[in-house]
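Letter by letter, the chains look like this.
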Amino acid sequence: MDRRTFLKGSAALGAAGMAPQFAAPALAQPSKVLRFVPQANLANFDPIWGTQYVVRNAAALVWDMLYGVDAQLKPQRQMVESEEVSADGLTWTFRLRPGLKFHDGEPVLSKDVVASLTRWSARDPMGIMIRAIQAELAPVDDRTFRWQLKKPFPKLLLALGKNNAPCAFIMPERIAKTDPFTQITEYVGSGPMKFARAEWVPGARAVFEKFADYKPRDEPSSWLAGGKRMLVDRVEWIIMPDPATASAALQNGEVDWWENPIPDLVPLLRKNANINVDIADPLGNIGSFRMNHLHPPFDNPKIRQAVLMGMNQEDYMRSLIGDDDKLWKPLPGFFTPGTPLYSEAGGQNIGKGDIAAAKKLLAEAGYKGEPVVCVVAQDQSITKNMGDVTADLLKQMGMKVDFVATDWGTVGTRRASKAPPSQGGWNMFHTWHAGADCINPAVYPAIRANGDKAWFGWPDLPPVEAGITEWFDAADPAAEKAAIDKVNAAAVAGGVYVPTGYFLGYQAWRKNVTGVGKGPLPFTWGVSKA
Amino acid sequence: MFGFLVRRVLAVIPVMAVVGLFVFSLLSLAPGDPAALIAGDQASPADIERIRASLGLDRPFLVRFGEWAWRILHGDLGTSIFTNLPVTTMIGQRVQPTVSLMLVTLVFAVLVAVPLGVLAAWKAGRLVDRLVMGGAVLGFSVPVFVVGYLLAYVFALELGWLPAQGYTPIEQGVGPWLANLILPALTLGLVYIALIARVTRATMLDVLQQDYVRTARAKGLAQGSVLFVHALKNAAVPIVTVIGIGIALLIGGAVVTETVFAIPGLGRLTVDAILRRDYPVIQGVVLLFSFTYVLVNLAIDLLYTLIDPRIRY
């Protein structure tokens, strides 16, 4: 081939490639396909190995649970037909519903349940507690299994039905035998949807198909409880990291449901006659200013108190959600507002923005001008905005700020370091907790104050732990509430962490989609598309 | 020629080795820990440590580098820490959207930029020239994401002509495939057009002063023939060079464009992997990009011989 022939050939090829075969954009989809934009990328799919919310949310479609909490936060039977507890509270016997099947057609047997609970209890905080008092967990027959304990654990059903990650999902025995710190490679469950692994493109999309053999319960669905009836054949998760793109796609009818529109875009969505906007999770979120109790200055309880008094929760919340007052409220405590254990005990002075009082307390505490190393993730708008408020607050209080602007991946590593701040450690970082994870101490590692075993910051506050023990042993709701009041008051006094406020988020969906509810995760059962 | 080709292909090996060592070292030195991200926000430090150990991230740098290099030599890019999928599979899932975007952008940019550059050179110093060069400055100056949002707003939301996001594989039809690529290619192509148009203009200005152009005009050849047959052909070498160099520009721009238009390509794969510290994926993608760039350069060198018969290796 000479150069002339090559150039002519290339030109011809280019022209052929450009031949316009325009057609209408491929926007039309079968009506039984629900296109959903989740909060984040489904980067892995083992709900025990990885405990991110997005994994839990997807897993709830594929794997079923023995129990599931309802909207009243009460565990209800799901895969279980009946349970029986001995008079001494030490032996629990469970019987599975008949006809339960995995997606590969195999029946769900008690040996699958035992293997699944064994794996789960190695990773879940409540599971670890149960494991510590476990005498035996074993199958009795194909549909019956028994859990024998050395000490009563009244909250066993809550542990099995809670929606906090990791949930007690049931997998086939061969999968559940995988080491809990190693990722599974097969995604077979017995939930209402099958995972279409061949169509999974991590970072772009995940597809779930209706499981024809799923037998929903007869009761109406309520969160993770009741009949999980799928009214669509296929759910497509379309990952969109950019909120403006997700907004445009929803307005253009290219997707049906967006889990977490940012507040800035909500007014735009509200103007669209084809879109509904409403609160996503009624349990909301609690913002956190997490202090390191191991190193100065926050090893001093008076300085932690100074921050609690000096910070203004309204400043933090406005930085997150702007002027929409329906989306936030002050939080004079640590537990989720609107839930049975919510407490304001001891929290009267939290977050009022009393800088003068904070300065006075700081002087009394003998603050020596140590720099406060603030490790702030800039790639998460929530932490970034709160970090900016914190830097200003600490400066107003007269503290020296060493602001480390970084990404969430780095915060995740650095916060695990107990080294002094000047040697790669830290003094504070921001995060937030889903309200569902702050309803009681069993699902709330961030409230624990048991020193080395506590969550990052390692608070060592015996009165908090005493209250938590009291709650675990409580026999009735009144005793539980009294115990939580003690926990809340002790957590404020000791400054386990600084709650920066309580805030809610929106979800948005096209009006041809019905049945979208509110909850701690996007429940797809009961959702239909015209 | 054959000897040149062999020498250039062999030269790829040390280049890739240096790139590999550089990337591996950089990731090892960078802060961040995939185990912490996998474990989630509620995990205890002990859980994170167990996951780190299960991933082998607690082993010494040299051991990990040795294993990785050995696997690379066997054509195995490893397995993603997060998805548990082979890196080659993940790259395979993402290649088509990115290659499609780059090809459409390239074709569109060349078809627009070269005539504009020629026109500007022909009308040098006049209004058309100033308009083209002004447009080129604008193309360089406006950020890619701003152009992307504006185009999506006008053509998707307001006019409803094109989808606002997404990608349709070419197997599902050229029409839908192209419909999804038009706005991203326009977005990504603006910088590229600006670059090529400026270089074309500058080179053509030089060529148009040559004696053979004057001769061609004196012979009475049509202006189009003078510009596109005689002058442009002789100005092609620098233009092809800048088109090749611009491939790196396209790779960088694709990261933003793919995010703005939710195209599941290699750019987004790279960003996601970096944010999650998914080391095998980052290393695999960077090696792929480097290899592609080396090949593009080689292809351009070979193309010179087709464009200019005086060039021989």
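So, how was this worked out
Residues numbered from 1 in each chain as written. Chains lettered and ligands numbered in written order. Predicted model: local features only at pLDDT ≥ 70, side-chain atom pairs only at ≥ 80, totals over all residues. Heavy atoms only, no water. UniProt positions renumbered as here; feature names shortened; annotations may be inferred. Helix = DSSP H or I, 4+ residues; strand = E, 2+ residues; numbered from the N terminus. Domains from an automatic or database assignment. Buried area = accessible area lost by both parts, 1.4 Å probe. Salt bridge = Lys/Arg side-chain N within 4 Å of Asp/Glu carboxyl O. Polar contact = N/O pair within 3.5 Å; in protein donor to acceptor, adjacent residues only side chain to side chain. Pairing = 2+ DSSP bridges. Axes fitted to C-alpha atoms, helices over the stretch in contact; angles between N-to-C directions. Contact = heavy atoms within 4.5 Å. Buried < 20%, exposed > 50% of the residue type's maximum accessible area, 1.4 Å probe, protein only. Phe/Tyr/Trp six-rings, centres within 6.5 Å; stacked < 30°, edge-to-face > 60°. Nonpolar A, V, L, I, M, F, W, Y, C, P; charged D, E, K, R; others polar. Disulfide = S-S within 2.5 Å.

## Focus: the UniProt feature "transmembrane region" (unreviewed entry) in chain B
Residue and element names in this part refer to chain B. Residues given the UniProt feature "transmembrane region" (unreviewed entry) here are residues 9–30, 99–122, 134–157, 177–197, 235–261 and 281–307. Spanning residues 9–30, this segment combines 95% helix with 0% strand, and its end C-alpha atoms are found 32 Å apart. In this annotation, residues 134–157 is assigned 92% helix and 0% strand; the end-to-end C-alpha distance for the span is 29 Å.

## Side note on the domain arrangement of chain B
All names here are of chain B. Splitting chain B by domain gives domain 1 (1–74) and domain 2 (90–307). Placing the centre of domain 1 and that of domain 2 at their C-alpha centroids yields a distance of 32 Å. Overall, the association of domain 1 and domain 2 removes approximately 1,700 Å² of surface from exposure, summing both partners, and the carbon and sulfur fraction of that is 77%. Looking at the side of domain 1 facing domain 2, the largest losses of area belong to Arg8, Met16 and Leu27, adding up to 30% of the total buried there. Linking domain 1 to domain 2 there are one salt bridge. For Arg8, the salt bridge identified is with Asp301, shortest N-O distance 2.2 Å. Our count for the contact surface shared by domain 1 and domain 2 stands at two residue pairs in polar contact (both at pLDDT 80 or more). At the level of elements, α1 (2–29), α2 (34–39) and α4 (61–73) are the ones that each hand at least two residues to the side of domain 1 that touches domain 2.

## Let's talk about the sheet that holds strand β6 (residues 134–141) of chain A
All names here are of chain A. Strand order in this open sheet of four strands is β4-β5-β7-β6, and the pairing throughout is antiparallel. A strand with exactly one partner marks an edge of an open sheet, and here the two such strands are β4 (80–85) and β6. Sheet twist, expressed as the mean angle between neighbouring strand axes with direction ignored, is 15 degrees. Across five bridges, the pairing between β4 and strand β5 (residues 91–96) is antiparallel. Bridging from a neighbouring strand, Val80 pairs with Leu96 of β5. With respect to the sheet, helix α3 (residues 110–120) is in contact with β5, β6 and β7 (144–149), its orientation differing from that of β6 by roughly 160 degrees.

## Focus: the environment of B:Leu188
All names here are of chain B. Within the secondary structure, Leu188 is located in helix α8 (residues 174–207). Given a relative accessible area of 4%, Leu188 falls into the buried group. Here the alpha-carbon distance between Leu188 and Gly253, two residues 65 residues apart in the chain, equals 6.3 Å. Filtering out sequence-adjacent residues up to four positions away, Leu188 remains in contact with Leu101, Thr105, Leu250, Gly253, Ala254 and Thr257.

## Section: the sheet that holds strand β16 (residues 400–406) of chain A
Strand order in the open sheet formed by six strands is β14-β18-β13-β17-β15-β16 (chain A), and the pairing between neighbours is mixed. With partners counted over all chains shown, the strands left at the sheet margins are β14 (328–329) and β16 of chain A, one partner each.

## Structural notes on the packing of aromatic side chains
Residues and elements named next belong to chain A. In total, this model carries 33 aromatic pairs over all chains according to the counting rule given. Centroid distance Trp426 to Trp458: 5.9 Å. Interplanar angle 45 degrees. Geometry classified as tilted. Of this pair, Trp426 sits in the loop between α13 (408–414) and β17 (428–434) while Trp458 is found in the loop between β17 and α14 (462–473), placing the two residues 32 residues apart along the sequence. In this structure, Trp426 and Trp458 share a single accessibility class: buried. Plain terms: the ring middles of Trp471 and Phe472 are 4.9 Å apart, the flat faces sit at 70 degrees to each other, and that makes the pair edge-to-face.

## Considering the domain arrangement of chain A
The figure often quoted for interface size is the accessible area lost as the parts come together. Residues and elements named next belong to chain A. Domains assigned within chain A are domain 1 (33–242 + 512–529) and domain 2 (282–505). Once you take the C-alpha centre of each, domain 1 and domain 2 turn out to be 31 Å apart. Residue-level contacts link 17 residues of domain 1 with 17 residues of domain 2. When domain 1 packs against domain 2, close to 1,300 Å² is buried across both sides, 69% of that on carbon and sulfur atoms. In terms of surface lost to domain 2, no three residues of domain 1 exceed Leu73, Lys155 and Asn164, which account for 39% of the buried area on that side. The tally of links from domain 1 across to domain 2 stands at one salt bridge. Between Lys155 and Glu480 there is a salt bridge whose closest N-O contact spans 3.1 Å. Looking at the side of domain 1 that touches domain 2, the element that brings in the most residues is helix α4 (residues 125–132), giving three residues. A per-class count over the side of domain 1 that touches domain 2 returns ten nonpolar, three polar and four charged.

## A look at the environment of A:Phe503
Residue and element names in this part refer to chain A. Looking at the element boundaries, Phe503 is found in strand β18 (residues 498–503). For Phe503, a relative accessible area of 5% translates into the label buried. The spatial distance from the C-alpha of Phe503 to the C-alpha of Ile468 is 25 Å, given a sequence separation of 35 residues. Excluding residues within four positions of it along the chain, Phe503 makes contact with Gly284, Asn285, Ile286, Gly287, Met317, Leu320, Leu327, Trp328, Ile382 and Trp432.

## Observations concerning the state of the cysteines
Evaluated as defined, the whole model comprises zero disulfides over all chains. Of all cysteine sulfurs in the structure, the one in A:Cys438 sits closest to A:Cys167, which takes part in no disulfide; the separation is 15 Å.

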